[in-house]
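Close look at the chain arrangement
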Protein chains: 2
Amino acid sequence: MSRGEAARPAFGKILIFGVGLIGGSFALALKAAADVAEVVGFGRSADSLNEALALGIIDRIGIDPALEVGDADLVLVAAPVGATGDILARIAPGLGPRTIVTDAGSTKSDVVAAARAALGERIGQFVPAHPIAGAENSGAAAARVDLYRGRKVVLTPLAENPVAAVDRVRAAWVACGAEVRELSPQRHDEVFAAVSHLPHLLSFALVHDLALRDERDTFFTYAASGFRDFTRIAASHPEMWRDICLANHEALLVELDRYRAELDDLRVALASGDGERLQQVFAVARSARRAWQQS
Amino acid sequence: MSRGEAARPAFGKILIFGVGLIGGSFALALKAAADVAEVVGFGRSADSLNEALALGIIDRIGIDPALEVGDADLVLVAAPVGATGDILARIAPGLGPRTIVTDAGSTKSDVVAAARAALGERIGQFVPAHPIAGAENSGAAAARVDLYRGRKVVLTPLAENPVAAVDRVRAAWVACGAEVRELSPQRHDEVFAAVSHLPHLLSFALVHDLALRDERDTFFTYAASGFRDFTRIAASHPEMWRDICLANHEALLVELDRYRAELDDLRVALASGDGERLQQVFAVARSARRAWQQS
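Conventions and cut-offs
Residues numbered from 1 in each chain as written. Chains lettered and ligands numbered in written order. Predicted model: local features only at pLDDT ≥ 70, side-chain atom pairs only at ≥ 80, totals over all residues. Heavy atoms only, no water. Least-squares fit on C-alpha atoms with pLDDT ≥ 70 in both. Contact = heavy atoms within 4.5 Å. Helix = DSSP H or I, 4+ residues; strand = E, 2+ residues; numbered from the N terminus. Salt bridge = Lys/Arg side-chain N within 4 Å of Asp/Glu carboxyl O. Buried < 20%, exposed > 50% of the residue type's maximum accessible area, 1.4 Å probe, protein only. Core = buried A, V, L, I, M, F, W, Y, C linked by side-chain atoms within 4.5 Å. Right-handed = clockwise from strand over helix to strand, strands pointing away. Pairing = 2+ DSSP bridges. Buried area = accessible area lost by both parts, 1.4 Å probe. Axes fitted to C-alpha atoms, helices over the stretch in contact; angles between N-to-C directions. Phe/Tyr/Trp six-rings, centres within 6.5 Å; stacked < 30°, edge-to-face > 60°. Lys NZ or Arg CZ within 6 Å of the ring centre and 35° of its normal. Domains from an automatic or database assignment. Polar contact = N/O pair within 3.5 Å; in protein donor to acceptor, adjacent residues only side chain to side chain. Nonpolar A, V, L, I, M, F, W, Y, C, P; charged D, E, K, R; others polar.

**Section: the relation of the copies chain A and chain B**
Superposing chain A onto chain B takes a rotation of 180° combined with a translation of 0.0 Å along the rotation axis, leaving an RMSD of 0.0 Å. Those values place the two copies in the arrangement expected of a two-fold rotation axis. Rotation axis and chain A: the residue whose C-alpha lies nearest the axis is Phe230 of chain A, separated from it by 2.1 Å. A share of 100% of the interface residues of chain A reappears at the interface of chain B, consistent with the copies meeting face to face through the same patch.

See below:
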């Protein structure tokens, strides 16, 4: 076996904070690609960690983050965005010089600010990322080796990041089967306020308004497939979406105000019986929606 | 064969105005239930009528509505709501005393008003109905024998309708496999403004706002599954939805204003960082959405 040794994985030790759907699927995909030697899991729930261990998502349950991080190649923080700062503060004291840290948060400006506060002059080791792979289920049991296949992952590199660090994070996501893009943190937050955060807010708002009515049962009885699809995202996690809305409230307020102006305009058309205007708005929307679906 | 004749179908001759998805599926289902002797089709497009004939949806293409309606048992108007009045005016002169007329419109108060104007003292022969079976495809080729199986059909009977007439229309929809409910026309329009018309308006509005931006491609690039579901109904027919919005503008304005107040409330919570309020709204919505899905 002089030359018969298996190819060395690209990553030696990886730490994952949060071994649920997002972190767990990342670990499974890297393992399937033979791209990691050891995965150490951290989390708030012993049950989740034990489940992830039993499912082969992680190789060990970590005890002391500051102790483990010294010789880790990569750290993935896959926790709620509000918890990212605390986790980074816990690993900061032991952070090795070669360790690269990344995250999976749905918002980026706030995460970057928290990372700057926690990591200080080591901020260059933190490469922010957002895998776009929402799912209705959560937890380690929902993790899937193919969750990221064909999905987009947005990196929002910082001026302080060495190119090599960004390349390593990109390589990890490419190994998971993802299509990697780059945006600035601010642009990321503006884009996702429009195409994700606002739709969630609007969907929650519609169902909330119906749910508080005395005759809600009558209303829900006649809701059909259009309602089902429009409100599917209103079944999302309240705490997670509270945190996203608060974290990205600046960009979200801009989008919400644009949208309210759009509704004001439609209200005028409705109240004045302006069918031409309604049809124009609907036709532009339909055409854009169909073009998007086919792209 | 002294007693061997087949059971007589419940309906002899049926006229269908609009032989697309809605009217065509109704004809196919009644034929499959052996509940109709002859289906005569009318429509604006000769191509559609020929296609419906070739597909066995109708038995003949009708020439003169006033002439055919005298001995018809049932007339279904499955045309855009804005065209219902004209069609009823054309059949009114020849309407037989036993003929029952019904429709498939998404709005009811306006259709009833148009029917009163067109039918005058014969309004009792018109039983308004709304099958809740939207679909993304349209046209005769999209018609399916099982479109109405397990779907709801709302009858909105008039004070002038004989019970027997309502029963006949109910029987036809039951033969199609539908679950038949009853609401007043006004209540129908209020309910559907909330659970169908408003969501369509909101979905059109979101996509319209994105479609007009210079950087729309960047936005659409990052839109994912939540956006896909939220905006599926923004690919609906602009003319059909213009007509529905105009026809039901009173109830829709009430719903739109409730919704705008809901957004105003959420805006205050967002701008003031009131996470508790956001979480409360989201949690109520999630709980109601999940209860609905399971019911």
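**A word on the environment of Ser203 of chain A**
Here Ser203 of chain A lies in helix 7 (residues 185–211). With sequence-adjacent residues up to four places away left out, Ser203 of chain A is seen in contact with Phe230, Thr231, Ile233 and Ala234 of chain A together with Phe230 of chain B.

**With respect to the pattern of salt bridges**
Here the structure, examined in full by the defined rule, presents 49 salt bridges over all chains. Between Arg258 of chain B and Asp209 of chain A there is a salt bridge, with the nearest N and O atoms lying 3.1 Å from each other. Taken together, the residues Arg258 of chain B in helix 11 (residues 249–271) and Asp209 of chain A in helix 7 connect one chain to another. Judged by its relative accessible area of 36%, Arg258 of chain B is partly exposed. Residue Asp229 of chain B pairs with Arg232 of chain A through a salt bridge whose shortest N-O separation is 2.3 Å.

**A word on the nonpolar core**
In this structure, Val195, Phe227 and Tyr259 of chain A together with Val195, Phe227 and Tyr259 of chain B are the most contacted members of the largest nonpolar core, which totals 82 residues. With near-sequence residues (within four places) excluded, Tyr259 of chain A lies in contact with Leu198 and Leu202 of chain A together with Leu202, Ala205, Leu206 and Leu263 of chain B.

**Considerations on the pairing of strand 1 (residues 11–17) of chain A**
If a strand is regular, its side chains alternate between the two faces of the sheet. Residues and elements named next belong to chain A. Taken across its seven residues, strand 1 has six buried, putting it largely inside the fold. Each parallel crossover has a hand, and the one from strand 1 via helix 1 (residues 21–32) to strand 2 (residues 36–42) is right-handed. By the bridge criterion, four bridges tie strand 1 to strand 4 (residues 74–77) in an arrangement that is parallel. Among the inter-strand pairings, Ile16 is bridged to a residue of strand 4, identified as Leu76.

**Some remarks on the interface of chain A and chain B**
Each partner contributes to the interface: chain A provides 86 residues, whereas chain B provides 86 residues. Of the roughly 8400 Å² buried between chain A and chain B on both sides combined, carbon and sulfur atoms contribute 67%. Mapped by element, the contributors of at least two residues to the side of chain A that touches chain B are strand 8 (152–155), strand 9 (179–182), helix 7, helix 8 (216–222), helix 9 (225–230), helix 10 (238–247), helix 11 (249–271) and helix 12 (275–294) of chain A. When residues of the side of chain A that touches chain B are assigned to their parent elements, the largest contribution, 19 residues, is made by helix 7 of chain A.

**Brief notes about the sheet that holds strand 7 (residues 129–131) of chain B**
Residues and elements named next belong to chain B. As summarised here, the arrangement of the three strands in space is 7-8-9, forming an open sheet in which the pairing is mixed. Since the sheet does not close on itself, it has two edges, and those belong to strand 7 and strand 9 (179–182), each with one partner. Recorded for the sheet is a direction-independent mean angle of 20° between the axes of neighbouring strands. Relative to strand 9, strand 8 (residues 152–155) runs parallel, the two being bridged by four bridges. Note on strand 9: the bridge partner recorded for Val153 is Val180.

**Focus on unusual backbone geometry**
Positive phi values are uncommon outside glycine, yet Ala34 of chain A reaches one of about 55°. Looking at the element boundaries, Ala34 of chain A is found in the loop between helix 1 and strand 2.

**Some thoughts on the packing of aromatic side chains**
Centre distance and the angle of the planes are the two values used to describe a pair of aromatic rings. This model, assessed by the stated rule, comprises 15 aromatic pairs over all chains. Centroid distance Tyr148 of chain A to Trp173 of chain A: 4.8 Å. Interplanar angle 80°. Geometry classified as edge-to-face. Of the two residues, Tyr148 of chain A is situated in the loop between strand 7 (129–131) and strand 8 and Trp173 of chain A in helix 6 (residues 163–175); the sequence distance between them amounts to 25 residues. Under the relative-accessibility criterion, Tyr148 of chain A is labelled buried at 1%. Judged by its relative accessible area of 1%, Trp173 of chain A is buried. In this structure an aromatic cluster arises from ring pairing among Phe26, Tyr148 and Trp173 of chain A. We note Arg213 of chain B situated over the ring of Phe219 of chain B; from NZ or CZ to the ring centre the distance is 4.8 Å.

**Quick word on the sheet that holds strand 4 (residues 74–77) of chain B**
Residue and element names in this part refer to chain B. The six strands lie next to each other as 3-2-1-4-5-6, forming an open sheet whose pairing is parallel. The strands lining the two open edges of the sheet, one partner per strand, are strand 3 (60–61) and strand 6 (126–127). Both strand 2 (residues 36–42) and strand 3 contribute to a ladder of two bridges, which runs parallel. Within strand 3, the position partnered with Val40 by the bridge is Arg60. Where helix 6 (residues 163–175) meets the sheet, its contacts fall on strand 1 (11–17), strand 4, strand 5 (100–103) and strand 6, and the angle it forms with strand 5 comes to roughly 55°.

**Quick word on the domain arrangement of chain A**
Accessible area lost upon the coming together of the parts serves often as the stated size of an interface. Residues and elements named next belong to chain A. Segmenting chain A into domains produces domain 1 (11–183) and domain 2 (188–294). On a C-alpha basis, the centroid separation for the pair domain 1 and domain 2 is 32 Å. Facing the 14 residues of domain 1 at the interface are eleven residues of domain 2. Here domain 1 packs against domain 2, burying approximately 970 Å² in sum over the two surfaces, 65% of which is carbon and sulfur. On inspection of domain 1 and its partner domain 2, the count reaches three residue pairs in polar contact (both at pLDDT 80 or more). Residues that form the side of domain 1 that touches domain 2 fall into these classes: five nonpolar, six polar and three charged.

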